[in-house]
Amino acid sequence: MREEVEPLDHLWGQETFTPRDEAKRKILEPLKTEVRRRGLRAAHLGPDLAGRATASSSRRC
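Residues numbered from 1 in each chain as written. Predicted model: local features only at pLDDT ≥ 70, side-chain atom pairs only at ≥ 80, totals over all residues. Heavy atoms only, no water.

Peer 1: Could you give me a rundown of the overall build of the chain, with the residues and numbers involved?
Peer 2: From N to C terminus, the chain includes three helices and zero strands. Across the chain, helices and strands are ordered from the amino to the carboxyl terminus as α-α-α. Surface accessibility of the chain: about 5,300 Å² in total, with carbon and sulfur atoms responsible for 56%. (Helix = DSSP H or I, 4+ residues; strand = E, 2+ residues; numbered from the N terminus. Areas by Shrake-Rupley, 256 points an atom, 1.4 Å probe, with all protein chains shown as cover.)

In C-alpha cells, the structure reads:
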C-alpha cells in the first residue's frame, strides 16, 4: 500500500479537506477497497471507535 499511497500524498497532501473530483475518485476508490480488504482501515483506533488496535498497539508512537 505504501507504494501506491505515498506518491499521492506528495501530489495531493495540501488538499486534505478538498472535495474529490471524479478523476481523483477513480484513483482513490480502488485503494480504499484494498485497504478495507486487508483490514487496514482505522488500524490506529481502538475497537470502541470501530478500529482494530489492541491495547499494546495503541500505545505505540
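Structure's up, so let's keep going.
Peer 1: Give a detailed account of the pattern of salt bridges, specifying residues and quantitative values.
Peer 2: Following the criterion strictly, the structure yields four salt bridges and no others. Among the salt bridges present, the one from Glu34 reaches Arg37, with a minimum N-O distance of 2.7 Å. One end of the pair is Glu34 and the other is Arg37, both in helix 2 (residues 22-38) and three residues apart, which spans about a single turn. Here Arg37 falls in the exposed class, since its relative accessible area comes to 60%. Two residues, Arg38 and Glu34, come together in a salt bridge whose shortest N-O distance is 2.7 Å. Of the two residues, Arg38 and Glu34 both sit in helix 2, four residues apart, roughly one turn of that helix. (Salt bridge = Lys/Arg side-chain N within 4 Å of Asp/Glu carboxyl O. Buried < 20%, exposed > 50% of the residue type's maximum accessible area, 1.4 Å probe, protein only.)

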